[in-house]
Amino acid sequence: MLLGQTLQNISNTVLIYPFGLIMLAGMILSIKSGFIQIRAIKHMILTLWRSATKKEKEGSQTIAAHKALFIAMSTTIGIGNIVGPIIAIGLGGPGALAGFIVGTIFGSAVTFSEVFLAISYRKRRDDGSIAGGPMTYLSEVFGNAWAKFYAYAGFILLIAWSSNQSNTLAVLLASRGVSPYATGIILAITVTIVLIGGVKRIGNFSAKLVPAMFIIYCVAMFWILGCHIHQVPAALKLIFTSLWNPQSAIGATAGFGMAQAVRWGVARAVQINEIGTGTSTFPHSMAETNSPTDQGILSIAAVYTNGFLCLMSGLIILVTGAWQEPGAVFDITMFSKILATHFPHFGPQVLLICSFMFAFGTILGNSYNGSQCFLYTTKNRWINLYYLLSAVVVFLGCISEVRFVWTMVDFFVLPVALPHIAGVVVLAFRNRDMFSLKSLNQPNESQSNNEEGAA
């Protein structure tokens, strides 16, 4: 317990600086791209519509572009969208939500760049399957050894993320009388079945799961905001005025100035969106497209969606006044109380349904992304061993106390994110057409070379 608290204290202070470097990279990429995350919004909507209305190729080992987006979204839309803003407000006050906005805007430029590079440098294996993800483009900058290091570090990180999600879900279900052992067994079996079905089954599942959980959550949030509509303008004003006079809701961290408020929001935004880690590029690498720009722009939708959900969750905490209640505990129980108040007959069920879908989608997405790291390190072998390992970790996460693991995950991010974001920035300056909208629907030269070489 003491070790876990010590690690948490270190995490709360030391890890802010690496997250700051990731945001700095986001600012650099935003300026270099002419803020492509803003000027390409129209293209993003059109690309999503074209993919959703286009018939998917039969027998192909790729998936529709929008399904790749939904798999990526399933890993980032999770319980963190509920808990992250609560924790940020508890530590940095209402101004921390401004950090989420900053993280969303600049982080989307990072995500675009990652996905652009993933499509540009992906390759086909001998069996026709696609090898994608950060390893393919990191090897261009740092060499194969560095790419393999990323694969090992990414594999560990993604496994840890899955155990965190399964534990949170087990805790919630245990409050409803469901044994953590039962949750672990059912969850492990279900995840394994979907994973064995391959990327197409995962894509089909995510294409149904992501819109459903987004709609259910948003309907509940809009209802609560509607009940407090007169407090919404004041809450929005409070987010920005508290930057100049921040008040931490817990502890003695008040009065540290704007940085204190923003840093917690930025740190949580980076973690929730997986900004800089490159993990979202794995499903995007499987997209049925020859345009890196198209898919990169489409990936921005995931970051904006996460930012929107986090802002909604934070606003709920502010307009209801829950953050100012004496003895308030800044975790998921705060949100549970709000739902129980506004939906007295089915509030706990709404939280349970949302949490289950959020956690399961994240576990599924993380497990798929982890499988790509695993295959890279084993030269595309022993995938059944990975499925078994994933099932075991998901089960152990359900029955274990993982406070220590929750804290350690922050440290696992460092060897994945820091060398990766450095490679992304270097490649962004090497590629002249990376941020040009003229390349929409145009095969990237490096992508074409990779496809021809594989053939």
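A quick note: this is a predicted structure, and the numbers were derived from the prediction, not measured. (Residues numbered from 1 in each chain as written. Predicted model: local features only at pLDDT ≥ 70, side-chain atom pairs only at ≥ 80, totals over all residues. Heavy atoms only, no water.)

Description of the overall build of the protein chain
Assigned secondary structure in the protein chain consists of 20 helices and two strands. When each of the 455 residues of the protein chain is scored for burial, the buried share is 57%. Contacts spanning at least 24 positions in sequence make up 84% of the contacts within the protein chain whose residues lie at least 6 apart. Carbon and sulfur atoms make up 66% of the accessible area of the protein chain, which totals about 18,700 Å². (Helix = DSSP H or I, 4+ residues; strand = E, 2+ residues; numbered from the N terminus. Buried < 20%, exposed > 50% of the residue type's maximum accessible area, 1.4 Å probe, protein only. Contact = heavy atoms within 4.5 Å. Areas by Shrake-Rupley, 256 points an atom, 1.4 Å probe, with all protein chains shown as cover.)

A word on the pattern of salt bridges
Scanning the model with the defined rule gives one salt bridge in all. Here Arg 50 makes a salt bridge to Asp 294, at a shortest N to O gap of 3.7 Å. With Arg 50 in helix α4 (residues 41–53) and Asp 294 in helix α15 (residues 292–319), the pair connects residues that are 244 residues apart, well separated along the chain. The exposure class of Arg 50 is partly exposed, given its relative accessible area of 39%. (Salt bridge = Lys/Arg side-chain N within 4 Å of Asp/Glu carboxyl O.)

Quick notes on unusual backbone geometry
Here Phe 35, not a glycine, exhibits a phi torsion of approximately 55°, which is positive. Position of Phe 35 relative to the elements: it lies in the loop between α2 (16–32) and α3 (36–39). If you check the backbone angles, Trp 382 has positive phi at about 60° while not being a glycine. You can see Trp 382 is positioned in the loop between α17 (347–377) and α18 (383–399).

A look at the packing of aromatic side chains
Summed over all chains, the structure comprises 12 aromatic pairs. Ring centres 6.3 Å apart and planes at 45° place the aromatic pair Phe 222 and Phe 308 in the tilted group. You can see Phe 222 sitting in helix α11 (residues 198–227) and its partner Phe 308 sitting in helix α15, a full 86 residues away along the chain. One aromatic cluster is present, built from ring pairs that chain together Phe 155, Phe 374, Tyr 386 and Tyr 387. (Phe/Tyr/Trp six-rings, centres within 6.5 Å; stacked < 30°, edge-to-face > 60°.)

What about the side chain of Asn 306?
Residue position: Asn 306 is located in helix α15. When sequence neighbours within four positions are dropped, the list of residues in contact with Asn 306 reads Thr 76, Ile 77, Asn 81, Ile 272 and Asn 273.

Some thoughts on the environment of Met 286
Within the secondary structure, Met 286 sits in the loop between α14 (281–285) and α15. Counting along the chain gives 156 residues from Met 286 to Ile 130, while the straight-line C-alpha distance between them is 6.6 Å.

With respect to the packing of α4 against α15
Axis separation between α4 and α15 bottoms out at 9 Å; the angle between their running directions is 100°. In terms of orientation, α4 lies roughly perpendicular with respect to α15. Contacts between α4 and α15 involve Ile 41, His 43, Met 44, Thr 47, Leu 48 and Arg 50 on the former and, on the latter, Asp 294, Ile 297, Leu 298, Ile 300, Ala 301 and Tyr 304. The residue makeup of the contact of α4 with α15, split by class, is eight nonpolar, two polar and two charged. (Axes fitted to C-alpha atoms, helices over the stretch in contact; angles between N-to-C directions. Parallel < 35°, antiparallel > 145°, perpendicular 65-115°, else oblique. Nonpolar A, V, L, I, M, F, W, Y, C, P; charged D, E, K, R; others polar.)

Details of a nonpolar patch on the surface
A surface patch of nonpolar side chains, amounting to about 690 Å² of accessible area, comprises Tyr 181, Trp 382, Leu 385, Leu 388, Val 392, Leu 396 and Ile 399. With five residues, the single largest contributor to the nonpolar patch is α18. (Patch = residues over 30% accessible without salt bridge, like charges linked within 9 Å, V, L, I, M, F, W, Y side chains within 5 Å.)

Digging into the confidence of the model for the protein chain
For the protein chain, the mean per-residue pLDDT works out to 78, and 82% of the residues sit at or above 70. Contacts from residues 250–257, a stretch scored under 50 in pLDDT, to residues over four places away or in other chains number 12 contacts. Contacts of residues 439–455 to residues separated by more than four positions or lying in other chains number 35 contacts, the stretch itself having pLDDT below 50. (pLDDT = per-residue confidence, 0-100.)

Quick look at helix α10 (residues 180–196)
In this model, α10 (17 residues) spans 24 Å end to end at C-alpha, consistent with the 24 Å of a helix rising 1.5 Å per residue. Sitting at the amino-terminal end of α10 is Ser 179, which places a side-chain oxygen 3.2 Å from the backbone nitrogen of Tyr 181. (Expected span 1.5 Å × (residues − 1). Polar contact = N/O pair within 3.5 Å; in protein donor to acceptor, adjacent residues only side chain to side chain.)

Examining the side chain of Thr 305
Inspection of the secondary structure puts Thr 305 in helix α15. Residue Thr 305 is classed as buried on the basis of its relative accessible area of 16%. When near neighbours in sequence (up to four residues on either side) are disregarded, Thr 305 contacts Met 73, Ile 77 and Phe 214.

Considering the packing of helix α8 (residues 134–141) against helix α9 (residues 144–174)
Packing of α8 against α9 leaves a shortest axis separation of 7 Å and a crossing angle of 145°. Crossing of α8 against α9: the hand is right-handed. In this structure, α8 uses Pro 134, Met 135, Leu 138 and Ser 139 to contact α9, whose residues at the interface are Asn 144, Ala 147, Tyr 150 and Ala 151. Across the contact of α8 with α9, the residue classes tally to six nonpolar, two polar and no charged. (Left-handed = near helix turned anticlockwise from the far one by under 90°.)

A word on the environment of Thr 183
For Thr 183, the location among the structural elements is in helix α10. Separated by 211 residues in sequence, Thr 183 and Val 394 have C-alpha atoms that sit 9.7 Å apart. When neighbours within four sequence positions are excluded, Thr 183 is seen to be in contact with Ala 170, Leu 173, Val 178 and Cys 398.

Some points on the environment of Val 424
Its place among the elements puts Val 424 in helix α19 (residues 403–430). A relative accessible area of 0% means that Val 424 is categorised as buried. Between the C-alpha atoms of Val 424 and Val 110, which are 314 residues apart in sequence, the distance is 8.1 Å.

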